[in-house]
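Architecture and fold: a report
One letter stands for each residue in the lines below.
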Amino acid sequence: DNVTYTVCPPGNEDWLMHASDTKIDRSTGRAVAKNAWLEFKGVPFLYTPIMTFPTDDRRQTGFLTPTFGSTKVGGFDLTVPYYVNLAPNYDATFTPRLLTNRGIMFRSEFRYLTDWTNGRIGGEYLPHDNQRGTSRGSFRIQNQSRFTDSLRGSLDVNHVSDNRYLNELGNILSFPSNRHIPSFASVVQSGSNHSVELRADYFETIDSTILSRNRPYWRMPQVVAKYDEEIGKT
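Description of the structure in this document. What you are looking at is a predicted structure, and each value in this text was computed from that prediction instead of being measured.

**With respect to the overall build of the chain**
- Counting its regular elements, the chain contains 2 helices and 16 strands.
- On C-alpha atoms alone, the chain measures out to a radius of gyration of 24 Å, which is more than a quarter above the 17 Å that the 2.2 N^0.38 rule sets for 234 residues.
- With the C-alpha coordinates of the chain rotated into their principal frame, the extents come out at 75 × 55 × 30 Å.
- Sorting the 234 residues of the chain into buried and exposed places 31% on the buried side.
- Here the chain displays about 15200 Å² of accessible surface, and carbon together with sulfur accounts for 57% of that area.
- Averaging the locations of the 26 positively and 25 negatively charged side chains of the chain gives two centres separated by 6 Å.

**Observations regarding the pattern of salt bridges**
- A full pass over the atoms with the stated rule returns 17 salt bridges.
- The salt bridge involving E109 is made with R120; its shortest N-O contact spans 3.0 Å. With E109 in strand 10 (residues 103-113) and R120 in strand 11 (residues 117-129), the pair connects residues that are 11 residues apart, well separated along the chain.
- With relative accessibility at 26%, the residue E109 sits in the partly exposed group.
- For R120, a relative accessible area of 35% gives the class partly exposed.
- Measuring nitrogen to oxygen at the nearest pair gives 2.7 Å for the salt bridge that ties D129 to R136. We note that D129, like R136, is buried.

**Observations regarding the pairing of strand 4 (residues 43-54)**
- Note that strand 3 (residues 30-40) and strand 4 share 10 bridges and pair antiparallel. Note that in strand 4 the partner of L38 across the bridge is F45.
- Where strand 3 folds back onto strand 4 in an antiparallel hairpin, the turn is made up of 2 residues, including K41, whose phi is positive at roughly 50°.

**Some remarks on the nonpolar core**
- In this structure, L99, M105, L126, V160, Y165, L166, L169, L173, F175, I181 and I206 together form the largest nonpolar core, which totals 11 residues.
- Among the elements that take part in this core, helix 1 (residues 165-169) stands out by supplying 3 residues, more than any other.
- M17, A31, A33 and A36 belong to the second largest nonpolar core, which has 8 residues in total.

**Side note on the packing of aromatic side chains**
- Tallied over the full model, the rule gives 8 aromatic pairs.
- Consider the rings of W15 and F40, whose centres lie 4.8 Å apart with planes at 45°: the pair is tilted. Here F40 lies in strand 3 and W15 lies in strand 2 (residues 15-25), a separation of 25 residues in the sequence.
- For F40, a relative accessible area of 32% translates into the label partly exposed.
- A ring pair is formed by Y90 and F110, whose centres lie 5.9 Å apart and whose planes are at 50°; its orientation type is tilted. Note that Y90 is positioned in strand 9 (residues 90-99) and F110 in strand 10, a separation of 20 residues in sequence.
- Residue class for Y90 comes out partly exposed when judged on its relative accessible area of 35%.
- What makes F110 partly exposed here is its relative accessible area of 29%.
- One aromatic cluster in this structure is built from W15, F40 and F45.
- In this structure, R199 packs its charged tip against the face of F184, placed 4.7 Å from the ring centre.

Conventions we followed
- Residues numbered from 1 in each chain as written.
- Predicted model: local features only at pLDDT ≥ 70, side-chain atom pairs only at ≥ 80, totals over all residues.
- Heavy atoms only, no water.
- Helix = DSSP H or I, 4+ residues; strand = E, 2+ residues; numbered from the N terminus.
- Rg over C-alpha atoms; globule rule 2.2 N^0.38 Å.
- Buried < 20%, exposed > 50% of the residue type's maximum accessible area, 1.4 Å probe, protein only.
- Areas by Shrake-Rupley, 256 points an atom, 1.4 Å probe, with all protein chains shown as cover.
- Lys, Arg positive; Asp, Glu negative; His and termini not counted.
- Charge placed at Lys NZ, Arg CZ, Asp CG, Glu CD.
- Salt bridge = Lys/Arg side-chain N within 4 Å of Asp/Glu carboxyl O.
- Pairing = 2+ DSSP bridges.
- Core = buried A, V, L, I, M, F, W, Y, C linked by side-chain atoms within 4.5 Å.
- Phe/Tyr/Trp six-rings, centres within 6.5 Å; stacked < 30°, edge-to-face > 60°.
- Lys NZ or Arg CZ within 6 Å of the ring centre and 35° of its normal.

Below, the structure is given as structure tokens:
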């Protein structure tokens, strides 16, 4: 009863939760608080009659911390992520995003990990942009695989729907550039004294000021073979 709870280290208790009644279940790693409110650096906010929260580092399905802001072109911007703990080796996050001047965007990310491969698949979709009058979206696929001790593969595929996408809607999927969106795939076979790589690259130029003759070349595909007899003797 009359609980004050925090996970901050002693002497640095920036975040505090106060509640009239709290029940902690150590077997599930969750707690339920009634008549609760949060306090940040001594300032109380966000009262709720009931709330549930984790008490340890176990992954659990539930809402993550919302984010919000405001821009001139997007209006009020609110995202509310929902995390789904599907299994110990894969999970998903679904994030609806409200842009009052543009509409509702849907974002999702799926992550996976197995004995021979790992990666993530993410995407965003805005069914109708009220400012542009069209649908917009983006996606990213990343994967690293080791098929055998000597054979491995890599994949990184990226795409945005239009040239203004990153400037107007942000770079939540962490594309490596806001001028050229790169994608590549490769397969490498290596031995004690040799390696053979098959690789393909593609660049999506989203900077309209870059002329066609100045845009990066594509490799569709490239084969690189290396052999060193001395390595095999060591």
